[in-house]
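# Breakdown of the fold
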Amino acid sequence: MAARHDLATDPVLREGLLQARRGTAFFARKLNELTDAELDGGSLLPGWTRRHVVAHIGYNARAIARLVEWAATGVETPMYPSVEVRDHEISFGATLSPIALRNLFDHSAVHLSVEWRDLPDRDWANEVKTIQGRTVPATETVWMRTREVWIHAVDLANGATFADIPAPVLERLLQDITGAWHARGTDAGLVIRVTGTDLVLGDTGAQSTKSEDPVTVSGPLAGVAAWAAGRTPIAGAGVTASRGTEVLPDVPAAPKWI
Ligand code: ZN
């Protein structure tokens, strides 16, 4: 018998589950602050009302629960049959009544939480596949959900900002985003510095080339993470850009992330 890994008692996983739970509670709070009529209002995401955001978060919990079930049973159940089906589901969900939308969020979140709770320790290392086609251990589902609930709570556009997101979540998010840029090579000549920390990300190799200085985007963790996620209007977030010693008048738009 293979060595048993007590992942559910693993402090890193436990901390991850805690951040997912906190993020879900935070999303619930921001959602509950909104009246039914306000659900019709715009979100921070182009073309999406708040209804779309709530529907997406509800269906996302179901999709991630399918991955946890896959890890538990070994029966392949993808997040979504296709991106088209996912998008169609969100459009449909956005037309639900306010009470149905709120129930979708609540019930799907509880269901996912139960799936995680019931996943035996030995199954957390089992591999599943994300909608992007990445093969990941079931532990990754916790982070996938964590970033969704925190970021989309901000997208509800009723007062939450990236400064509400815990620093460890922001740091991992920034690592994810810059990692995705790096994999696509879209970070060429772009360095990201988080002020007040040692965190330097992006095309860090570019610093040593003499031909042209890289563009360095710097600012506090929350501001830089929001910028990297393509979320915040740059002004006011404390994010600045420079090339060598020259401060640029505008912060360039971040490369596409997802
Ligand atoms: Zn999302």
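Residues numbered from 1 in each chain as written. Predicted model: local features only at pLDDT ≥ 70, side-chain atom pairs only at ≥ 80, totals over all residues. Heavy atoms only, no water.

## So, the side chain of D187
Tracing the chain through its elements places D187 in the loop between α6 (167-184) and β3 (190-194). Despite its burial, D187 pairs with no opposite charge, the nearest such side chain being R184 at 10 Å. At a separation of 3.0 Å, a polar atom in the side chain of D187 contacts the side chain of H182. With sequence-adjacent residues up to four places away left out, D187 is seen in contact with T178, W181, H182, G202 and D203. (Helix = DSSP H or I, 4+ residues; strand = E, 2+ residues; numbered from the N terminus. Buried < 20%, exposed > 50% of the residue type's maximum accessible area, 1.4 Å probe, protein only. Lys, Arg positive; Asp, Glu negative; His and termini not counted. Salt bridge = Lys/Arg side-chain N within 4 Å of Asp/Glu carboxyl O. Polar contact = N/O pair within 3.5 Å; in protein donor to acceptor, adjacent residues only side chain to side chain. Contact = heavy atoms within 4.5 Å.)

## Some points on the domain arrangement of the protein chain
Under the domain assignment used here, the protein chain contains domain 1 (11-160) and domain 2 (167-247). Computed over C-alpha atoms only, the centres of domain 1 and domain 2 are separated by 27 Å. Note on domain 1 versus domain 2: buried area summed over both sides is about 780 Å², and carbon and sulfur give 64% of it. Scanning the region where domain 1 abuts domain 2 turns up 3 salt bridges. In this assembly, domain 1 and domain 2 are joined by 4 residue pairs in polar contact (both at pLDDT 80 or more). (Domains from an automatic or database assignment. Buried area = accessible area lost by both parts, 1.4 Å probe.)

## Observations regarding the sheet that holds strand β7 (residues 246-247)
The strand order β4-β3-β5-β6-β7 describes an open sheet built from 5 strands, whose pairing is mixed. Strands at the two margins of the open sheet, each flanked by one partner only, are β4 (200-202) and β7. Packing against the sheet, helix α7 (residues 221-228) makes contact with β3 and β5 (215-219), and its axis sits at approximately 150° to β3. (Pairing = 2+ DSSP bridges. Axes fitted to C-alpha atoms, helices over the stretch in contact; angles between N-to-C directions.)

## Considerations on the nonpolar core
F27, F162 and W227 are the most contacted members of the largest nonpolar core, which totals 54 residues. In terms of domain composition, this core takes at least three residues from each of domain 1 (11-160) and domain 2 (167-247). If we skip the residues at most four places from it in the chain, F27 touches V53, V54, I57, F105, V149, H152, A153 and L156. In terms of nonpolar packing, the next biggest core, distinct from the first, is built from 22 residues, W70, M79, L119 and V136 among them. (Core = buried A, V, L, I, M, F, W, Y, C linked by side-chain atoms within 4.5 Å.)

## Brief notes about the coordination of the zinc ion
Under ideal tetrahedral coordination, the four donors around a metal are separated by 109.5 degrees; under ideal octahedral coordination, the six donors are separated by 90 or 180 degrees. The protein atoms donating to the zinc ion are H56 (NE2), E148 (OE) and H152 (NE2), with metal-donor distances spanning 2.0 to 2.1 Å. Written as a sequence motif, the donor residues of the zinc ion are H-x91-E-x3-H. Here E148 and its partner H152 are both found in helix α5 (residues 140-155), 4 residues apart, which amounts to about one turn of the helix. Like E148, the residue H152 is buried in the burial classification. (Donors = N, O, S within 2.8 Å, 3.2 Å for Na, K, Ca; no water.)

## Focus: the packing of helix α4 (residues 98-118) against α5
Describing two packed helices takes the angle between their axes plus the distance from one axis to the other. Relative to each other, α4 and α5 sit at 155°, their axes nearing to 12 Å. It follows from the interaxial angle that α4 and α5 lie roughly antiparallel. For the pair α4 and α5, the crossing hand works out as left-handed. Here F105, A109, L112 and W116 of α4 lie close against α5, whose contacting residues are T141, V142 and R145. For the contact of α4 with α5, the per-class residue count stands at 5 nonpolar, 1 polar and 1 charged. (Parallel < 35°, antiparallel > 145°, perpendicular 65-115°, else oblique. Left-handed = near helix turned anticlockwise from the far one by under 90°. Nonpolar A, V, L, I, M, F, W, Y, C, P; charged D, E, K, R; others polar.)

## Remarks on the packing of aromatic side chains
The geometry of two aromatic rings is summed up by the distance between their centres and the angle between their planes. All told, the structure shown has 3 aromatic pairs when counted by the stated rule. One residue, R66, lies across the ring of Y80, its end atom 6.0 Å from the ring centre. (Phe/Tyr/Trp six-rings, centres within 6.5 Å; stacked < 30°, edge-to-face > 60°. Lys NZ or Arg CZ within 6 Å of the ring centre and 35° of its normal.)

## Concerning the pattern of salt bridges
Oppositely charged side chains can pair when the atoms bearing their charge come close. Evaluated as defined, the whole model comprises 11 salt bridges. Notably, a salt bridge pairs R102 with D36, separated by 2.9 Å at the nearest N-O pair. Of the two residues, R102 sits in helix α4 while D36 sits in the loop between α1 (11-32) and α2 (50-73), which places them 66 residues apart along the sequence. Given a relative accessible area of 41%, D36 falls into the partly exposed group. A salt bridge links R86 to D87; its shortest N-O distance comes to 2.6 Å.

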